[in-house]
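A closer look at the structure
Each chain, written out:
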Amino acid sequence: MYYSLPDEVYTHEAIIQLVNEGKEVFLPVVLDNFEMELHKFSRKDNMSEGAFNIMEPIGHKYTDFDSIDVAVIPAIAYDEKNNRLGRGKGYYDRFLAKIPLAYKIGICFDFQKITDIPADNNDVPVDEVI
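What this report covers is the structure whose coordinates are included nearby.

What counts and what doesn't
- Residues numbered from 1 in each chain as written.
- Predicted model: local features only at pLDDT ≥ 70, side-chain atom pairs only at ≥ 80, totals over all residues.
- Heavy atoms only, no water.
- Pairing = 2+ DSSP bridges.
- Helix = DSSP H or I, 4+ residues; strand = E, 2+ residues; numbered from the N terminus.
- Core = buried A, V, L, I, M, F, W, Y, C linked by side-chain atoms within 4.5 Å.
- Buried < 20%, exposed > 50% of the residue type's maximum accessible area, 1.4 Å probe, protein only.
- Contact = heavy atoms within 4.5 Å.
- Phe/Tyr/Trp six-rings, centres within 6.5 Å; stacked < 30°, edge-to-face > 60°.
- Lys NZ or Arg CZ within 6 Å of the ring centre and 35° of its normal.

1. Section: the sheet that holds strand S5 (residues 61–62)
- Here we have three strands laid out as an open sheet, ordered S1-S2-S5, and antiparallel in their pairing. Here the strands that pair on one side only, and so sit at the sheet edges, are strand S1 (26–30) and S5.
- Across two bridges, the pairing between strand S2 (residues 36–40) and S5 is antiparallel. Following the sheet pairing, His39 is matched in S5 by Lys61.

Structure, rendered in structure tokens:
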């Protein structure tokens, strides 16, 4: 999942609900201008403000990528082929390449769905956009 910013589809309550249902939820932690990693979300008060003013979980890095069943991914826009337009740094494309077995769900507002986004071999489309 991702911990939404004010201009993104709100995910905070969904994250808490999933954890309350016994699901493990992992959120991105930005390391530098190139990489992000996942940390387990435990509770809202166990987070700190990270890069780009995004709240990030405090804790240990999670690396068992093959065990990730579902990934929920934000974007500026999605197109009809499920390509995504991110914020320009490539964090999610690099990360999504590490979890090829996970079902990737893009979530966005209706106005963020467009006809076509230019994509190349480094871009990783999602499996479904809702």
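Once the structure has been displayed, the description carries forward.
2. Some remarks on the nonpolar core
- Formed by 32 residues in total, the largest nonpolar core has its most connected members in Ile15, Leu27, Phe41, Ile73, Tyr78 and Ile99.
- Mapped onto this core, the elements with two or more residues apiece are S1, S2, strand S6 (70–73) and helix H2 (91–96).
- At four residues, H2 tops the list of elements feeding residues into this core.
- If sequence neighbours within four positions are ignored, Phe41 has contacts with Tyr3, Ile15, Ile16, Val19, Val25, Phe26, Leu27, Met47 and Pro57.

3. Description of the packing of aromatic side chains
- On inspection of all chains with the given rule, the structure shows four aromatic pairs.
- Seen in terms of ring centroids, Phe52 and Tyr91 are 6.2 Å apart; in terms of plane orientation they differ by 70 degrees. Their pairing is edge-to-face. On the criterion of sequence distance, the pair formed by Phe52 in the loop between strand S3 (47–49) and strand S4 (55–57) and Tyr91 in helix H2 is long-range, its members being 39 residues apart.
- Judged by centre distance (5.5 Å) and plane angle (85 degrees), the rings of Phe65 and Phe95 are edge-to-face. One end of the pair, Phe65, is in the loop between S5 and S6; the other, Phe95, is in helix H2, with 30 residues separating them in the sequence.
- On the basis of relative accessible area, Phe95 is assigned to the buried category, the value being 7%.
- The aromatic ring of Phe34 is capped on one face by Arg94, whose charged end is 3.9 Å from the ring centroid.

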